[in-house]
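Take a look at the letters that make up each chain.
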Amino acid sequence: MRVAFVASEAFPFAKVGGLADVIGSLPQALQKQGLEPTIFLPWYWGIQGYYVGEAWFSFEGRREQMGIGHAEHNGVRYVLVGLGDFARDKPYGYPDDFRRFVRFALATAHLLGDFDIVHAHDWQAALLPLLRNLGWFKARTIYTIHNLAYQGVWGSQDFYAWTGLPGETYYGAGLEHHGSVNLMKAGIVNADAVTTVSPRYAWEITTPEGGEGLDGVLRAHQWKLRGILNGLDTHYWNPATDPYLQHHYDASDLSGKAQNRALLLAELALEDRPTLGVVSRFAQQKGIDLIADAVDGLMGLGINLVVLGSGDPNLERTFAWMAAHLKGRLAYVQGYNEALAHRIYAGSDGFLMPSRFEPCGLAQLIAMRYGTPPIVRAVGGLLDTVKHWETGFMFDALDAGGILHGVREFLKHPDRESVARKAMQQDFSWDKPAREYLALYRQLLGMA
Ligand code: ADP
Ligand code: GLC
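Residues numbered from 1 in each chain as written. Chains lettered and ligands numbered in written order. Predicted model: local features only at pLDDT ≥ 70, side-chain atom pairs only at ≥ 80, totals over all residues. Heavy atoms only, no water.

Asker: Quick rundown of the side chain of Glu 204? Include the residues and the values.
Answerer: Within the secondary structure, Glu 204 sits in helix 7 (residues 199–204). When its relative accessible area of 10% is taken as the criterion, Glu 204 is described as buried. Within the structure, the side chain of Glu 204 is placed 2.8 Å from the backbone nitrogen of Gly 380, a separation counted as a polar contact. Residues contacting Glu 204, with those up to four places away along its chain left out, are Gly 210, Gly 211, Val 379 and Gly 380. (Helix = DSSP H or I, 4+ residues; strand = E, 2+ residues; numbered from the N terminus. Buried < 20%, exposed > 50% of the residue type's maximum accessible area, 1.4 Å probe, protein only. Polar contact = N/O pair within 3.5 Å; in protein donor to acceptor, adjacent residues only side chain to side chain. Contact = heavy atoms within 4.5 Å.)

Structural data, given as structure tokens:
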């Protein structure tokens, strides 16, 4: 069975969030099941690959060339799709993102002739199931929603001028949504199977509250929709071997964790108080603004906060300001920092994640693996992965009061070390989810 993944991020080549963790680790787990997936990724600036040739595709009525590269990581083969407008220093955040990823999908579709399964991820690859239905390639298609909040929406005039696709696809193939082209919708409508990254989120997105305007479409396609919980790369995220840590530890002996904690507090000049970590994109989804609202209350509870993240500039300014005024108690580091993220997961006493919604969430899984009980809002994948009072703490209310309630529960627990140990002993590997994906591929190919 020849399987292709098509996605916009893959660790370690390009990472913005959890999508990169998934694309960088699920294929390895599928290899253990006997598959050899090939990953198609845009050839972003700085990715080291071997140039192997070029191919042609058509865009805006012109024939255009793409460069093709190969790369390998942990034994997994990558095909790098080289298009001029991807040679920039970050994957997204540009005004022409929609156009860039439509080009990526059109170009990649020409390279998929040999595959039995094409597994497309998020809006950046959502056009592929429709292209398959138009006969561009033959594979069965799976479309995985990692985040329904980003749908790939643009005006139809541009879209049809760029792609040259037949106009009847606008209504006939599910591209149209409220008068615009919506790639996420086309992915859902055209794929043979749709998955999302936790069972709870698979249900939430079929409700008006969680559906981001696509709940009706998702309900109509619920027969082919299911949730498969994400796993972690448990070799990479392993406190017993993590090269970013000075002291290693496991569930049988947490003394190394205490040493990492002492180093973290010293590094960030924090007083010795219960310390909660946050490692996150600063996006509306993550409820970082609610943490800001809760800061006075948290300080009142005698808590330290260590926050690493970037995104919304207003929130970045707010946290920089608070850190300047709460020296010794609140540390904020702006930006993306892999090494510091590891030190925070290992050195914090608890991990705060007050998400408004959360398709799966990997940060809370990593925190648990590092013996740092997560304090999370009861939503989406957080609900599916954290057991209140056993492996972490949960709260409902989406406001500062909710966060403070969760943190009080955390402080109240008589034996936080047993919570940490139990969290570390959970199985967050890809073994089970990879088998579920394999079963789905086989089912789509009539092999079940
Ligand atoms: P999302 O994909 O919505 O951002 P996840 O919890 O699934 O949320 O995954 C986030 C991933 O990105 C985790 O691996 C987390 O450690 C990482 N991450 C987020 N922000 C940063 C940052 N500022 N520095 C380093 N790693 C980060
Ligand atoms: C998205 C979601 C996150 C999920 C990740 C990987 O970025 O926000 O919840 O864990 O994708 O599937």
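Asker: Hey, could you go over the sheet that holds strand 5 (residues 76–82) for me, with residue numbers and the actual values?
Answerer: Strand order in this open sheet of nine strands is 3-4-5-2-1-6-7-11-12, and the pairing throughout is mixed. Strands at the two margins of the open sheet, each flanked by one partner only, are strand 3 (50–59) and strand 12 (225–227). With strand direction ignored, the average angle separating the axes of adjacent strands in the sheet is 25°. Two elements, strand 11 (residues 193–196) and strand 12, share three bridges in a ladder whose sense is parallel. Within the sheet, the bridge partner assigned to Thr 195 lies in strand 12 and is Arg 226. Relative to the sheet, helix 1 (residues 18–32) contacts strand 1 (3–6), strand 2 (38–42), strand 5 and strand 6 (117–121), its axis offset from that of strand 5 by approximately 135°. The strands that helix 6 (residues 183–190) touches are strand 7 (140–145) and strand 11; relative to strand 7, the one it contacts most, it runs at about 135°. (Pairing = 2+ DSSP bridges. Axes fitted to C-alpha atoms, helices over the stretch in contact; angles between N-to-C directions.)

Asker: I'd like to hear about the pattern of salt bridges, residue by residue, with values.
Answerer: Taken as a whole and assessed by the stated rule, the structure comprises 23 salt bridges. Here Asp 96 ties to Arg 88 by a salt bridge, and the two come within 2.8 Å at their closest N and O atoms. Judged by its relative accessible area of 22%, Arg 88 falls in the partly exposed class. The salt bridge partner of Asp 192 is Arg 140, with a shortest N-O separation of 3.6 Å. Taken as a pair, Asp 192 in the loop between helix 6 and strand 11 and Arg 140 in strand 7 lie far apart in primary sequence, 52 residues in all. In this structure, a network of salt bridges that share partners links the residues Glu 60, Arg 62 and Arg 99. (Salt bridge = Lys/Arg side-chain N within 4 Å of Asp/Glu carboxyl O.)

Asker: Tell me about the site of ligand 1, residues and numbers included.
Answerer: Around ligand 1 there are 22 residues in total, and Lys 15, Gly 18, Arg 281, Lys 286 and Tyr 345 lie nearest to it. Take Asp 21: an N or O atom from its side chain is 3.2 Å from an oxygen atom of ligand 1. When ligand 1 sits alone it has 560 Å² of accessible area, and the protein chains cover 93% of it. Breaking the shell around ligand 1 down by element, the ones donating at least two residues are helix 1, strand 13 (275–282), strand 14 (304–311), helix 12 (338–347) and helix 13 (363–369). (Near = heavy atom within 4 Å. Areas by Shrake-Rupley, 256 points an atom, 1.4 Å probe, with all protein chains shown as cover.)

Asker: Got a sec to walk through the packing of helix 10 (residues 288–300) against helix 15 (residues 400–412)? Specific residues and values, please.
Answerer: A pair of packed helices is captured by two measures, namely the crossing angle of their axes and the spacing between those axes. For the pair helix 10 and helix 15, the least separation of the axes is 8 Å and the interaxial angle reads 55°. By the angle between their directions, the pair helix 10 and helix 15 is classed as oblique. Here helix 10 and helix 15 pass one another in a crossing that is right-handed. The residues of helix 15 that touch helix 10, namely those facing Leu 290, Ile 291, Asp 293, Ala 294, Gly 297 and Leu 298, are Ala 400, Ile 403, Leu 404 and Val 407. For the contact of helix 10 with helix 15, the residue count by class is eight nonpolar, one polar and one charged. (Parallel < 35°, antiparallel > 145°, perpendicular 65-115°, else oblique. Left-handed = near helix turned anticlockwise from the far one by under 90°. Nonpolar A, V, L, I, M, F, W, Y, C, P; charged D, E, K, R; others polar.)

Asker: Pulling in residues and values, what's your account of unusual backbone geometry?
Answerer: Omega for the bond connecting Phe 11 with Pro 12 falls within 30 degrees of zero, at 5°, which places this linkage in the cis form. Within the chain, Asn 74 stands out as a residue other than glycine whose phi angle is a positive 50°. Relative to the elements of secondary structure, Asn 74 occurs in the loop between strand 4 (62–73) and strand 5. A relative accessible area of 45% places Asn 74 in the partly exposed class.

Asker: Any chance you could break down the nonpolar core for me, citing the residues and the numbers?
Answerer: In this structure, Leu 127, Leu 128, Phe 159, Leu 183 and Tyr 345 are the most contacted members of the largest nonpolar core, which totals 129 residues. It is helix 2 (residues 97–109) that provides the largest number of residues to this core, a total of eight residues. Those residues in contact with Leu 183 that sit more than four places away from it in its chain are Phe 98, Val 102, Trp 123, Ala 126, Leu 127, Gln 151, Gly 152, Phe 159 and Leu 175. Counting 31 residues, the second largest nonpolar core, distinct from the first, contains Leu 298, Met 299, Leu 326 and Ile 375. (Core = buried A, V, L, I, M, F, W, Y, C linked by side-chain atoms within 4.5 Å.)

Asker: Report on the packing of helix 10 against helix 11 (residues 313–325), specifying residues and quantitative values.
Answerer: It is the contact of helix 10 with helix 11, at a shortest axis distance of 10 Å, that shows an interaxial angle of 25°. As the angle between them shows, helix 10 and helix 11 are arranged roughly parallel. With respect to the hand of their crossing, helix 10 and helix 11 are arranged in left-handed fashion. Residues Ile 288, Asp 289, Ile 291, Ala 292 and Val 295 of helix 10 lie in contact with helix 11, whose contacting residues are Leu 315, Thr 318, Phe 319 and Met 322. Looking at the contact of helix 10 with helix 11 residue by residue, the class counts come to seven nonpolar, one polar and one charged.

Asker: So, the environment of Arg 103: which residues are in play, and what are the values?
Answerer: Relative to the elements of secondary structure, Arg 103 occurs in helix 2. Not counting chain neighbours up to four residues away, the residues in contact with Arg 103 comprise Phe 57, Phe 59, Glu 64, Leu 83, Gly 84 and Asp 85.

Asker: So what about the pairing of strand 6? Which residues, and what values?
Answerer: Counting buried positions over the five residues of strand 6 gives five, a clear majority of the element. Here strand 6 shows a buried face lined by Ile 117, His 119 and His 121 and a second buried face lined by Val 118 and Ala 120. Summarising the sheet, strand 1 and strand 6 pair through four bridges and their orientation is parallel. The residue bridging Phe 5 from the neighbouring strand is His 119, located in strand 6. In this sheet, strand 7 lies alongside strand 6 in parallel orientation, the contact comprising five bridges. Counted as the bridge partner of His 119 is Ile 142 from strand 7. A crossover links strand 6 with its parallel partner strand 7, the connecting element being helix 3 (residues 128–133), and its sense is right-handed. (Right-handed = clockwise from strand over helix to strand, strands pointing away.)

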